[in-house]
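Spelled out, the chains give:
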Amino acid sequence: MRLDYLTIFPDFFAPLDLSLPGKAADKGLVEFHVHDLRSYTHDKHHRVDDTPYGGGAGMVMKPEPWGEAFDELTRPGSTIIFTTPSGEPFDQRLAADLATREHLVFACGRYEGIDQRVMEHARERAEVREISLGDYVLNGGEVAALAVTEAVVRLLPGFMGNAQSLVEESHADGGLLEYPVYTKPPEWRGHQVPAVLRSGDHGKVERWRHDQAVRRTAERRPDLLSPSTLDDGTPIVRATQGDAAELLTLQRACWVQEALANDSLDIPALHESLDDVRTWLGVWDTWVVRRAGRLVAAVRGRLEGPDQTAWDIGRIMVAPDLQGSGLGRVLLDHIQSVAPATVTWYVLFTGAGSVRNQRMYKKAGFRLRPDLDAPAGAVVLTKRRA
Ligand code: ADE
């Protein structure tokens, strides 16, 4: 891959000789060429800017030097990248896309921006991308061009020593943030390495890492966990501790019905306190639906079994006035879809007398499992993950 940079500050690109990009150049995987935009001017002062038509503060970059530079540098198959705060957001997907190109030309603007005709003209001769590093304004596009370069070049085949680390890092594993990592010593200033990482059980380690990645993403970047939505667009979102009181109310309403259907008050969920709900919210992956601000439905899941390959599904709750609307089935599908990748089967319990629930579970592919243990008055149903 060849990368050209057009800038009025060529010194900004000195880091290209360092570290991994420098090594890639040494290996012949990439070629970097930095050009001073002023070398494409012809006046005594090498001017690259002028006052804006229509008035206003600041200066605008003149079109002529850019035109001459593109004449010299672009060829069929070139992609011209304008780094600008008004571009499309840069992300890992875009980095992977750009890594497939043969030739990138970075146009680094300064001042109030580049004359719009430069972008129009560039589009007539090459593929053009306008890319923003994020929702903030830098003094110029050089830092953004360096960031894009590093993200793209490290994806080139033969660049990274360890291809697996490309797969496991943040934004690569299904768009999740990376799990926390540790190295020796096992204890440092009173902080321990989690025991599971020292257990030698690869399956457990993998599940722990996935779980940590999901938790971290939910806490820091919930926008990355594309929520499922109901047909009307209402999202199914992860529950927070702030939902505990409403969950308790919903739970009581639902389990009174269960108690009547099963002719038994011996149902743990009926007797839980607010603290109990707060406690299980901390350990179960719980999802809720709100309508007009009211919490109307919920479901939870967690890993179970000696080898943690079962996804235990429970507490599918729908407010009494919305039962029969299909919401329970949507939640059942949703909780299966968010099970960690290591899950191979789903398991759930319901009251032996809860005929309506059992019918829904069977329609969703679950089968009664009289061969498995169930609490008194309950039945077990399971389903293999497809
Ligand atoms: N130039 C100035 N601000 C920028 C940003 N946020 N992203 C890309 N280029 C820029």
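Residues numbered from 1 in each chain as written. Predicted model: local features only at pLDDT ≥ 70, side-chain atom pairs only at ≥ 80, totals over all residues. Heavy atoms only, no water.

**Student:** I'd like a rundown of the sheet that holds strand β5 (residues 78–89), residues and numbers included.
**Tutor:** The five strands lie next to each other as β2-β1-β6-β5-β7, forming an open sheet whose pairing is parallel. Each edge of the sheet is formed by a strand with only one pairing partner; in this case those strands are β2 (31–36) and β7 (127–132). The sheet shows a mean angle of 25° between the axes of neighbouring strands, taken without regard to direction. Sheet analysis places β5 next to strand β6 (residues 103–108), joined by six bridges and oriented parallel. Within β6, the position partnered with I81 by the bridge is F106. Seen against the sheet, helix α2 (residues 63–73) touches β1 (2–7), β2, β5 and β6 and runs at an angle of roughly 165° to β1. (Pairing = 2+ DSSP bridges. Helix = DSSP H or I, 4+ residues; strand = E, 2+ residues; numbered from the N terminus. Axes fitted to C-alpha atoms, helices over the stretch in contact; angles between N-to-C directions. Contact = heavy atoms within 4.5 Å.)

**Student:** For helix α7 (residues 202–220), give the residues involved together with the corresponding values.
**Tutor:** With 19 residues, α7 should cover 27 Å at 1.5 Å per step; its first-to-last C-alpha distance of 27 Å lies within 8% of that length. If you check which residues of α7 are buried, you get V205, R207, W208, H210, A213, V214 and T217. Between a side-chain oxygen at the N-terminus of α7 and the backbone nitrogen of G203 the separation is 3.1 Å; the capping residue is D201. (Expected span 1.5 Å × (residues − 1). Buried < 20%, exposed > 50% of the residue type's maximum accessible area, 1.4 Å probe, protein only. Polar contact = N/O pair within 3.5 Å; in protein donor to acceptor, adjacent residues only side chain to side chain.)

**Student:** Which residues make up the site of the ligand, and what are the values?
**Tutor:** The immediate surroundings of the ligand are formed by 13 residues, with T84, L133, G134, Y136 and L138 found nearest. At 2.9 Å, a backbone N or O of L138 approaches a nitrogen atom of the ligand. For the ligand, whose free accessible area comes to 260 Å², the fraction covered by protein is 97%. Elements with a contribution of two residues or more to the shell around the ligand: β5 and β7. A total of three residues in the shell around the ligand trace back to one element, the largest contributor, which is β5. Classifying every residue of the shell around the ligand by side-chain character gives seven nonpolar, six polar and no charged. (Near = heavy atom within 4 Å. Areas by Shrake-Rupley, 256 points an atom, 1.4 Å probe, with all protein chains shown as cover. Nonpolar A, V, L, I, M, F, W, Y, C, P; charged D, E, K, R; others polar.)

**Student:** Account for the nonpolar core, naming residues and giving values.
**Tutor:** Counting 47 residues, the largest nonpolar core has L247, W311, I313, L332, Y361 and F366 as its most contacted members. Broken down by element, this core gets its largest block of residues, seven residues, from helix α8 (residues 244–262). Once residues within four sequence positions are removed from consideration, W311 is found in contact with D285, G301, R302, L303, I335, V338, A339, P340, V343, W345, Y346 and V347. (Core = buried A, V, L, I, M, F, W, Y, C linked by side-chain atoms within 4.5 Å.)

**Student:** Which residues make up the layout of surface pockets, and what values do they have?
**Tutor:** Roughly 1300 Å³ of internal volume is contained in the largest pocket. Along the wall of the largest pocket there are 45 residues; nearest its centre are W255, E258, F349, T350 and N357. Mapped by element, the contributors of at least two residues to the lining of the largest pocket are α8, β12 (294–304), β13 (310–318), α10 (327–337), β14 (345–351) and α11 (355–363). Taken together, the residues that form the lining of the largest pocket break down as 20 nonpolar, 15 polar and 10 charged. (1 Å grid on protein atoms, 1.4 Å probe; cavity = no way out; pocket = protein on both sides within 12 Å on 5 of 7 lines; lining within 4 Å. Points joined across faces, edges and corners; volume = space filled by probe spheres on them.)

**Student:** Explain a nonpolar patch on the surface residue by residue, including any values.
**Tutor:** Nonpolar side chains collect at one region of the surface, where F9, F12, Y136, L138 and V143 lie side by side and expose about 420 Å² of accessible area between them. Tracing the backbone shows F12 in the loop between β1 and α1 (19–26). Overall, F12 belongs to the partly exposed group, its relative accessible area being 32%. (Patch = residues over 30% accessible without salt bridge, like charges linked within 9 Å, V, L, I, M, F, W, Y side chains within 5 Å. Salt bridge = Lys/Arg side-chain N within 4 Å of Asp/Glu carboxyl O.)

**Student:** Could you give an account of the pairing of strand β11 (residues 285–291), with specific residues and numbers?
**Tutor:** Along β11, five of the seven residues are buried, which leaves the element largely enclosed by surrounding structure. Examined bridge by bridge, β11 and β12 share seven bridges and lie antiparallel to one another. Along β12, the bridge assignment pairs V289 with A297.

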